[in-house]
Every structure is written in C-alpha cells, then in structure tokens.
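As a plain string of letters, each chain reads:
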Amino acid sequence: QWYQRRVRGSHPANKDRFISTGLWSISRHPNYFGEMLLWFGLWVASVPFYTSPLQLLSVFCPTLTFLLILLVSGVPKLEKAAIEKWGKDPEFVKYMAETPCIIPFFGMGKEIVNKSE
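Residues numbered from 1 in each chain as written. Predicted model: local features only at pLDDT ≥ 70, side-chain atom pairs only at ≥ 80, totals over all residues. Heavy atoms only, no water.

Undergrad: I'd like to hear about helix 5 (residues 90-98), residue by residue, with values.
TA: When we look at burial in helix 5, the residues that qualify are Phe92, Tyr95 and Met96. Take helix 5 and look down its axis: the buried residues cluster within an arc of 95°, on one side only. Counted as exposed and oriented over 90 degrees from the buried face of helix 5: Pro90, Lys94 and Glu98. If you check the start of helix 5, you find a side-chain oxygen 2.9 Å away from the backbone N of Glu91, and it comes from Asp89. (Buried < 20%, exposed > 50% of the residue type's maximum accessible area, 1.4 Å probe, protein only. Helix = DSSP H or I, 4+ residues; strand = E, 2+ residues; numbered from the N terminus. Arc of directions from axis to C-beta. Polar contact = N/O pair within 3.5 Å; in protein donor to acceptor, adjacent residues only side chain to side chain.)

Undergrad: For helix 4 (residues 75-86), give the residues involved together with the corresponding values.
TA: Helix length check: helix 4, at 12 residues, gives a terminal C-alpha distance of 16 Å against a target of 16 Å (1.5 Å per residue), a fit within 8%. When we look at burial in helix 4, the residues that qualify are Val75, Glu79, Ala82 and Trp86. In an axial view of helix 4, the angular spread of the buried residues amounts to 65°, which keeps them on one side of the axis. Facing away from the buried side of helix 4 by over 90 degrees, the exposed positions are Lys77, Glu84 and Lys85. (Expected span 1.5 Å × (residues − 1).)

These figures capture arrangement, not role.
Structural data, given as structure tokens:
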C-alpha cells in the first residue's frame with residue numbers, strides 16, 4: 001500500500017488526483033481495513049488462551065476500534081475532505097458509488113458517504 005502510493009505520487013500527472021488503483025480499487029480505505037483486521041485477528045488468536053468466559057468480553061476492544069474508525073475519527077473526516085476536494089469530478093463520484101468504503105467486495109459504504117456530506 002505504501003509502495004503503491006509512493007510510486008503513483010512520483011508521477012506529476014497524478015498530482016492532486018485521487019487514487020483508485022491497486023488496493024484502492026477494492027476499498028476506499030484499505031489501511032483502515034487492515035487495522036481492523038489486525039485487531040480482530042489478535043482477539044481471535046487470543047481466545048483459545050482465555051481461562052474465564054468473562055475474558056470473551058475483551059471483544060469490545062476491537063469492536064470499539066472498528067466503530068471509532070468507521071463512525072468517528074477516521075472515515076468520516078477523510079470522506080468529507082475527499083468530497084470537498086474531488087466531489088465535482090464525475091470519475092470520483094462513480095468511484096465513491098462503486099467502491100466499498102472499508103471492507104473489500106462488501107457493499108458497505110454508501111451510508112458513510114451520505115453521512116459525510
């Protein structure tokens with residue numbers, strides 16, 4: 001992901017353009033998807049070592065991270081900035097309509113776009 005952005009950003013023709021290739025072709029926020037996957041994965045990996053059913057309540061930590069990124073700190077701010085910057089670009093509007101917000105290949109996102117406007 002970092003490499004894709006660096007290579008793409010090194011071309012003058014891509015200056016001030018949104019990215020819709022590579023990982024961004026299947027998710028508008030692949031970095032957030034990776035972070036959520038990491039935290040839920042760590043939780044799942046730790047479950048076999050729990051000694052008390054109460055420890056299962058620790059699922060609230062990755063769930064809270066997911067909700068904060070999705071609804072508070074991450075996605076809404078970036079989506080709003082993107083809409084302000086490229087909202088009149090027909091290619092961007094099409095990209096927003098067709099590309100899932102976070103989870104690749106899962107149509108989760110149109111609601112987030114509407115909240116960001």
